Amino acid sequence: MRGALALPSLLLLPLFLVLSSLSISSAASGKQEQVYIVYLGGHAGAKAEEAILEDHHALLLSVKSSEEEARASLLYSYKHTLNGFAAMLSPEEATELAERSEVVSAFRSEGRWAPHTTRSWQFLGFEEGLKGPDGSDWLPSLDKSSGDVIVGVLDSGIWPESRSFSDEGLGPVPARWKGVCQGGESFSSSSCNRKIIGARYYLKAYEAHYNGLNTTYAFRSPRDHDGHGTHTASTVAGRTVPGVSALGGFAAGSASGGAPLARLAVYKVCWPIPDNPNPNIENTCFEADMLAAMDDAVGDGVDVMSISIGSTGAPLPFAQDGIAVGALHAARRGVVVSCSGGNSGPKPATVSNLAPWMLTVAASSIDRAFDSPIKLGNGVEIMGQTVTSYHLPGNKPYPMVYAADAVVPGTPSNVTNQCLPNSLSADKVRGKIVVCLRGSGLRVEKGLEVKRAGGAAILLGNPPASGSEVPVDAHVLPGTAISAADAKTILAYINSSSSPTAVLDPSRTVVDVRPSPVMAQFSSRGPNVLEPNILKPDITAPGLNILAAWSEVSSPTKLGGDHRVVRYNIMSGTSMSCPHVSAAAVLLKAAHPDWSAAAIRSAIMTTATTSNAEGGPLKNGDGTVAGPMDYGAGHIRPNHALDPGLVYDASYEDYLLFACASGTGGSQSQLDPSAAPCPARPPPPYQLNHPSVAVHGLNGTVTVRRTVTNVGSGGGAARYAVAVDEPAGVSVKVSPRRLRFARAGERKVFTIRIEARGGGVERGRFVAGSYAWSDSVHVVRSPIVVMVA
């Protein structure tokens, strides 16, 4: 989960950062040095690791005054898939290296990166009409072949003692595994098992920036002090654990990851931000550390990488984007990389992790709620949402006050209703229910401020942009969250009454909530600002109010004053939706071990649904109908993805060719200087053989070319016909309209002619449609988004 500091009011967004690198003085050279990544492209595979390391030392020696200084400056040597290194360099040294012909780019490693279930998998199974062995609705894990699949999780570490990571009944570790179990503080080789088969931690760039690690609130080891990494790891591959719940007994049931038999490899790359009042509320992840982890993960033998991390600020060209570079070389080795899309919605053009060779995941809801009835003094009843275990005593009315009417003098006028730290007057809120609004500041900190001032409870109202989507929290005092419309109703009552009161009834877990799923308002939206001819996000999955395992040294709110201990916790964000898609990729890898990363991404995207469980269109949290800029191809259906019928495949060379034409993504030589040079007139970016179609700046007519491969479960002959849903004001003609396959693995090419109808579409705005191939068994659907120039 990730986003800008403007959104930390969502503790569904657990971790955020907007920081620039600090200069660090080198005692040896007297120069102002920082961590730089020097990217050299890919490895041809001919050199041994020792020879690669020596090449890196030689490059450093060309800008350093001695061999000793060159070797001391090196932090990481990337040697498994991508070729490059991270080192302490002055800006002048980095510039000198960047000018060398063998260097693709040299860019600063910054801390602008940050980490962006009992019911969610059951809900996905229910959507697909599946039944488990006990008759319950469930998404069945694939047979024991999924135990041979290894998923690498880049995050804040893991709490290995959790029951979600038991290795009971698992066979030997796959023989191809080459990783290690790196020991450290409160973590030893015995912390790994046949479930957690490897664990590493990376903090050289972090420590270079912050001059060390404060171990009072972080473990110098793979152990998770935060909770975020444990949560994501258990969501993707946690074992089935009966009888678990969040604090207070909410969401009780059996917890399971989507691929409970898969093996876990943990790569701890995210660390607390020092000098914050609550350091673990906001974690940061440095590119140099992440790139080292991604390089090691591929070398260790992972099949899938789950990365609930992304950047803040304007996106960088792909050749200077650490996750994009690492994901490109992982995809070259067949590793699927699934990334969170960010939590800066519903504002458009906020999605991150934008490269077409990765899966970018949006967030949506499941069919569970935590109803918390509110009875106003005028007789009106409102339904809030909470997982707070505290209750107001006496089941009686309590006086209410609006935060804006109870602030201390000097509180800025634009945040008087926000319940920010030290803003409330104890004389005005003592013993009362305080109505606060979301916006600036963390949601749980607002409750902490109400408690500090002596308030009895908190009602936390949504801003208009969040609509009826209500993320829940385990507040430190009685309290509940309410929709934007209900917040308006309550404020109107307070303004009309001389002595407003309310009764807060205990909350309860409710399932089979309709409609569901609904797109989360916090989920970052398209279009893709780096390359608008590639649709992002790619897919959506459950990310609102997800229960999963937690670190036992991190409280449910992660606030310093909260000393409660939990084994499972409810969180929200694209950090939670990302591992759902990672788990689907694990199941696909188990079923189809010979498929490329692109084929797996295609299967997940083309089998997604744009309908909710009732058959209506997917909607946003504010009630509007959602579209591809919200959910990409649609809501994930893992079981359907196992047999997609047709797939859109793409190679490493295809991605390099794409980069040649992508105006902001860099040229082919910027991604891999050892590859063939870019053609004089490369095909436009929308010609990449991608499962979705996006055309930005349509002027007249374009013809898009696509290739599909027959992978249907029948294994032989197949006939497909196409159906088109044209975007408003745009003509879409597919040719040919029928495809005949004689055998499995056969490929067919077709074209899509896209033309703007005269005056039929608003210019400068994307319009959406789709096309779908069907053989009466499979439906292979692709979204189309077009902006007319």
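About the criteria used
Residues numbered from 1 in each chain as written. Predicted model: local features only at pLDDT ≥ 70, side-chain atom pairs only at ≥ 80, totals over all residues. Heavy atoms only, no water. Helix = DSSP H or I, 4+ residues; strand = E, 2+ residues; numbered from the N terminus. Rg over C-alpha atoms; globule rule 2.2 N^0.38 Å. Buried < 20%, exposed > 50% of the residue type's maximum accessible area, 1.4 Å probe, protein only. Areas by Shrake-Rupley, 256 points an atom, 1.4 Å probe, with all protein chains shown as cover. Lys, Arg positive; Asp, Glu negative; His and termini not counted. Charge placed at Lys NZ, Arg CZ, Asp CG, Glu CD. Core = buried A, V, L, I, M, F, W, Y, C linked by side-chain atoms within 4.5 Å. Contact = heavy atoms within 4.5 Å. Disulfide = S-S within 2.5 Å. Salt bridge = Lys/Arg side-chain N within 4 Å of Asp/Glu carboxyl O. Phe/Tyr/Trp six-rings, centres within 6.5 Å; stacked < 30°, edge-to-face > 60°. Axes fitted to C-alpha atoms, helices over the stretch in contact; angles between N-to-C directions. Parallel < 35°, antiparallel > 145°, perpendicular 65-115°, else oblique. Nonpolar A, V, L, I, M, F, W, Y, C, P; charged D, E, K, R; others polar. Pairing = 2+ DSSP bridges. Expected span 1.5 Å × (residues − 1). Arc of directions from axis to C-beta.

So, about the overall build of the protein. Per the secondary structure count, the protein includes 17 helices and 39 strands. Over its C-alpha atoms the protein spans a radius of gyration of 26 Å, differing by no more than 12% from the 28 Å that the globule rule assigns to 789 residues. Oriented by its inertia axes, the alpha-carbon framework of the protein measures out at about 75 × 70 × 60 Å. Burial status across the protein gives 63% buried among its 789 residues. Accessible surface, the protein as shown: approximately 26,800 Å² in total, 51% of it carbon and sulfur. Of note, the protein has its 66 positive side-chain charges centred 6 Å away from the centre of its 68 negative side-chain charges.

One finds M305, I309, W357 and I604 to be the most contacted residues of the largest nonpolar core, which totals 116 residues. Leave out the neighbours within four places in its chain, and W357 touches F318, A324, A327, L328, A331, R601, Y655, F658 and L671. The next biggest cluster of nonpolar side chains, apart from the first, holds 28 residues, and it includes L646, F750, V767 and V780.

One pass over the full model with this rule turns up four disulfides. Put simply, C419 and C436 are joined by a disulfide, and their sulfur atoms are 1.9 Å apart. With the S-S dihedral at roughly -80 degrees, the linkage between C419 and C436 falls on the left-handed side. Taken as a pair, C419 in the loop between β20 (398-402) and α9 (426-429) and C436 in strand β21 (residues 433-437) lie far apart in primary sequence, 17 residues in all. For C419, a relative accessible area of 1% translates into the label buried. A relative accessible area of 0% means that C436 is categorised as buried. The thiol of C339 is unpaired, and the distance to the nearest cysteine sulfur, on C578, comes to 6.2 Å. Residue class for C578 comes out buried when judged on its relative accessible area of 0%.

Looking now at unusual backbone geometry. Of the consecutive residues G526 and P527, the connecting peptide bond is found in the cis state with omega at 10 degrees. The omega angle of the peptide bond from S735 to P736 is -5 degrees, so this bond is cis rather than trans. The topology assignment puts P736 in the loop between β35 (730-735) and β36 (738-741). A positive phi is found at D512, a non-glycine position, where the angle reads about 65 degrees. Tracing the backbone shows D512 in the loop between β25 (508-511) and β26 (518-519).

All chains considered together, the criterion is met by 30 salt bridges. Among the salt bridges present, the one from K64 reaches E93, with a minimum N-O distance of 2.9 Å. Placement of the pair is K64 in the loop between α1 (49-61) and α2 (67-73) and E93 in helix α3 (residues 91-98), with a sequence separation of 29 residues. R525 is paired through a salt bridge with D630; the nearest N and O atoms lie 2.9 Å apart. Of the two residues, R525 sits in the loop between β26 and β27 (539-542) while D630 sits in helix α14 (residues 628-631), which places them 105 residues apart along the sequence. Across this residue pair, the class does not change: R525 and D630 are buried.

Glancing now at the packing of aromatic side chains. Under the counting rule described, the total for this entry stands at 15 aromatic pairs. Arranged with centres 6.3 Å apart and planes meeting at 80 degrees, the rings of Y206 and F286 form a pair that is edge-to-face. Here the residue Y206 occupies a position in helix α5 (residues 204-210), and F286 occupies one in the loop between β13 (283-285) and α7 (287-300), the gap between them amounting to 80 residues. F286 carries the same exposure label as Y206, and that label is buried. Between the aromatic rings of Y648 and F750, the centroid separation amounts to 6.5 Å while the plane-to-plane angle is 70 degrees, which identifies the pairing as edge-to-face.

Attention shifts here to the packing of α7 against helix α8 (residues 322-332). At a minimum axis distance of 9 Å, the contact between α7 and α8 shows a crossing angle of 10 degrees. Here α7 is positioned roughly parallel relative to α8, judged by the angle of their axes. Taken together, the residues of α8 that come into contact with α7 (itself represented by E287, M290, L291, M294 and V298) are G322, I323, V325, G326, A327 and A330. Broken down by class, the residue content of the contact of α7 with α8 amounts to eight nonpolar, two polar and one charged.

Moving on to the sheet that holds strand β37 (residues 747-756). A sheet is described by the order of its strands in space; here four strands give the open sequence β31-β33-β37-β35, paired in antiparallel fashion. At either margin of the open sheet sits one strand with a lone partner, and together these are β31 (646-647) and β35. Note that β35 and β37 share six bridges and pair antiparallel. Of the residues in β37, the one forming a bridge with K733 is R753.

Turning to α1, a few remarks are in order. Between its first and last C-alpha, α1 extends 18 Å over 13 residues, near the 18 Å set by a 1.5 Å rise per residue. For α1, every residue scored as buried is listed here: I52, H56, H57, L59 and L60. Mapping the buried residues of α1 onto a view down its axis gives an arc of 160 degrees, with all of them on the same face. In the core, the buried residues of α1 are packed alongside β2 (32-42), α2, β3 (74-78), β4 (82-89) and α3.

This part is about the environment of P644. Looking at the secondary structure, you find P644 in the loop between α15 (638-641) and β31. Measuring from C-alpha to C-alpha, the distance between P644 and V434 comes to 52 Å, with 210 residues separating the pair along the chain. P644 has contacts with W595, A603, T606, T607, V711, H778 and V780, leaving out every residue within four places of it along the chain.

Along any regular strand, the residues point their side chains to alternate faces of the sheet. With respect to burial, strand β18 (residues 368-376) is a largely interior element, eight of its nine residues being buried. As paired elements, β18 and β25 share four bridges and run antiparallel to each other. Note that in β25 the partner of F370 across the bridge is T509. Relative to strand β19 (residues 381-385), β18 is paired through five bridges, and the arrangement is antiparallel. By the bridge assignment, S372 is partnered in β19 with G384. Remark: four residues form the turn of the hairpin made by β18 and β19, two consecutive strands paired antiparallel; G379 in that turn has positive phi of roughly 95 degrees. Note that β18 and strand β24 (residues 501-504) share three bridges and pair antiparallel. The partner of L376 across the bridge, within β24, is A502.

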